Amino acid sequence: METLVSLCKRRGFIFQSSEIYGGINGFFDYGPLGAELKRNIRDCWWSDMVRRRDDIVGIETSIIMHPRVWEASGHVAGFTDPLVDCKASKQRFRADQLFFSPVVVDARTVGYVSALESERTAEELQEAAEAFKRKKSIQGKLAPVRVRDMTEALAEEIALIPSPATGEPGSLTAPRSFNMMFQTNVGALTDASSVSYLRPETAQGMFADFKAVVDTGRVKLPFGIAQIGKAFRNEITPRNFIFRSREFEQMEIEYFIHEDADWAKCHREWIDSCKDWLVSIGLPAGRLSEYNHPKEKLAFYSKGTTDIMFRYPFGVQELWGIAARGDYDLKQHEKLSGVPQVIFDEATKKKFVPHVIEPSVGVDRIFLALLCAAYAEEDVKDDKGGVERRTVLRLSPRVAPVKVAVLPLLKNKPELVARAQALYRKLKHGYAVFYDESGAIGRRYRRQDEIGTPWCATIDFDTIEKDGTFTLRERDSMAQVRIGEAELFALLAEKVY
Ligand code: GAP
């Protein structure tokens, strides 16, 4: 992750937000290459999920909505994480990410140890327990740790558990519910009547506009409403770079089905098609897996939720959630707004509230997954026959921020430069391309490898003196072929869609 974070900064993919003021935790900026890559993810999704389908329409709803929306959705009452404060350090922890264990020697509890969630929480707690026993010079047999998180701590244990910030017990508070919605005030008055929220998900926009889309959109069941947009959550512990941030972007679909439809089949089809889509933008199928939420952890209205998981360097984590939510959301809005959220069934001549399947994914999590999967360092032959190390981002041409780099072989030959610039300008109409004339050709290839450019077109003397063809070098194989302009445009049309 450190290597990736530093590449992102060095090459202008991602910066810490407001860095000149010391940064702000949980917020990120996308630099020139990052903005391109992110836009490509959104464009691929919009093309594949909205434009290329007959059964999905796209909308864009406002970020601040009527506060009753968030009452209906349950966010005002229940969009909470359990929070633990450390009174000594003023740090805050998510209670379900702060683990502890009693230190038990010869069946007697002699103290407590704690650790924050990681890939090796249990090992860390065991090591801490051993260190505790040594430091206190306690003789006897240490029992294996019994790992629990702070939501499971008994009232009498809380004062005994050390804070991960200070290492000392006595400063942690009991867990309390913390609502993650960012609150704001709409209008000039700052009182309870003007309270509103930055949306914590885009989904409610689709539910709130369901009626408007049905009345105007000429849609017939089954159909989906899709949206891409920013979401905001005041995460207690934003972490793992852009994986969990406080401002992020979601791509969500509410796919409405008949109340009697086979929801399990539709749910399965969505899981498969989301996975296929991830593979189509370059994620290796072998790094994807599925996690079915256990029945006892589901909300009462939920029929089932499956997460598509990705193997990140910090563990296997949720990338895309696909939830079968029944008719809960529309019925809630019907209840609170008083406006029927129904559709007319021509066959039975009856009105009913449709059910919904909700595939919901974060653009930033896809971005990070793509970088993790694409990053490689490898030894290759250099120009002089020696070996050098190259960093390469094996991004799919669909999402790569730059599609082609155009390089004149020499920058001091005006005829090469003119021809290269002509090709560059032609390509620029349809694609993100880069022109680079500085440095040895090998160095220029390496610079493009590092940002994931799939092809480099090198204009040389044969281009001018012979048939106009140029060398096209492919990033992953580093193979070089001679092709002409028409062939390059055909290749781009086939691979960048
Ligand atoms: N409408 C359903 C919903 O919002 P969610 O599981 O809370 O469900 C959906 O979020 C997706 O949004 C997640 O699978 C993840 O990709 C992304 N996401 C959620 N919280 C995020 C955060 N703090 N930072 C980045 N992405 C996040």
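Residues numbered from 1 in each chain as written. Predicted model: local features only at pLDDT ≥ 70, side-chain atom pairs only at ≥ 80, totals over all residues. Heavy atoms only, no water.

Caption draft 1: Structural view of the packing of helix 2 (residues 32–51) against helix 10 (residues 363–374). One can describe the packing of helix 2 onto helix 10 by two numbers: an axis separation of 10 Å at closest approach and a directional angle of 110°. Accordingly, the angle class assigned to the pair helix 2 and helix 10 is roughly perpendicular. The two elements helix 2 and helix 10 meet at a crossing, and its hand is right-handed. Facing Gly34, Leu37, Lys38, Ile41 and Arg42 of helix 2, the residues of helix 10 in contact are Val363, Asp364, Ile366, Phe367, Leu370 and Leu371. (Axes fitted to C-alpha atoms, helices over the stretch in contact; angles between N-to-C directions. Helix = DSSP H or I, 4+ residues; strand = E, 2+ residues; numbered from the N terminus. Parallel < 35°, antiparallel > 145°, perpendicular 65-115°, else oblique. Left-handed = near helix turned anticlockwise from the far one by under 90°. Contact = heavy atoms within 4.5 Å.)

Caption draft 2: Up close: the state of the cysteines. Summed over the entire model, instances satisfying the criterion amount to zero disulfides. Summary of cysteine pairing: Cys372 is not part of a disulfide, and the nearest cysteine sulfur, belonging to Cys8, is at 8.9 Å. (Disulfide = S-S within 2.5 Å.)

Caption draft 3: Layout of the pairing of strand 26 (residues 480–483). Strand direction decides the pairing type here: strand 25 (residues 470–474) and strand 26, joined by four bridges, are antiparallel. Bridge pairing links Leu472 to Val481 in strand 26. The turn linking strand 25 back onto strand 26 is made up of five residues, and Met478 within it adopts a positive phi angle of 60°. (Pairing = 2+ DSSP bridges.)

Caption draft 4: Spotlight on the nonpolar core. Ranked by internal contacts, the top residues of the largest apolar core, which has 57 residues, are Ile41, Trp45, Trp270, Trp277, Trp320 and Ile366. No other element matches helix 10, which puts nine residues into this core. With near-sequence residues (within four places) excluded, Trp320 lies in contact with Trp45, Met49, Cys274, Trp277, Leu278, Thr306, Asp307, Ile308, Pro359, Ser360 and Val361. Formed by 20 residues, the second largest nonpolar core is a distinct cluster that contains Tyr424, Tyr435, Leu472 and Ile483. (Core = buried A, V, L, I, M, F, W, Y, C linked by side-chain atoms within 4.5 Å. Buried < 20%, exposed > 50% of the residue type's maximum accessible area, 1.4 Å probe, protein only.)

Caption draft 5: The side chain of Gln341, seen in detail. With respect to the element layout, Gln341 can be found in the loop between helix 9 (328–337) and strand 17 (343–345). Within the structure, Gln341 has its side chain in polar contact with the backbone oxygen of Val339 (distance 3.1 Å). In this structure, Gln341 is in contact with Phe207, Phe210, Lys211, Leu330, Glu334, Phe352, Val353 and Pro354, ignoring residues within four places of it in sequence. (Polar contact = N/O pair within 3.5 Å; in protein donor to acceptor, adjacent residues only side chain to side chain.)

Caption draft 6: View of the side chain of Asp460. For Asp460, the position within the fold is in the loop between strand 24 (455–459) and helix 13 (461–465). Taking the relative accessible area as the measure of exposure, Asp460 reaches 14% and is therefore buried. Side chain to side chain, Asp460 and Arg482 meet in a polar contact 2.9 Å long. Not counting residues up to four positions away in its chain, the partners in contact with Asp460 are Leu409, Leu416, Thr471 and Arg482.

Caption draft 7: Broad picture of the packing of helix 2 against helix 8 (residues 263–280). In contact at an axis separation of 11 Å, helix 2 and helix 8 are set at 135° when each is read in the N-to-C sense. As far as their axial angle goes, helix 8 and helix 2 are oblique. Note that helix 2 runs across helix 8; the crossing there is right-handed. Within the contact between the two elements, helix 2 uses Ile41, Cys44, Trp45, Asp48 and Met49 and helix 8 uses Trp270, Trp277 and Ser280. Within the contact of helix 2 with helix 8, the residues separate by chemical class into six nonpolar, one polar and one charged. (Nonpolar A, V, L, I, M, F, W, Y, C, P; charged D, E, K, R; others polar.)

Caption draft 8: Representation of the sheet that holds strand 16 (residues 315–326) in the model. Reading across the sheet, the seven strands line up as 3-12-13-19-16-15-14 and stay open at both edges, with mixed pairing between neighbours. Since the sheet does not close on itself, it has two edges, and those belong to strand 3 (56–58) and strand 14 (288–292), each with one partner. This sheet shows a mean twist of 25° between the axes of neighbouring strands, independent of strand direction. As defined by bridge partners, strand 16 adjoins strand 19 (residues 355–362) across six bridges and the pair is classed as antiparallel. Bridge assignment links Trp320 to a residue of strand 19, and that residue is Val361. Where helix 8 meets the sheet, it contacts strand 3, strand 13 (247–257), strand 14, strand 15 (304–312), strand 16 and strand 19, and its direction lies at approximately 145° from that of strand 16. Its contacts with the sheet place helix 10 against strand 13, strand 15, strand 16 and strand 19, and it is angled at close to 35° to strand 15.

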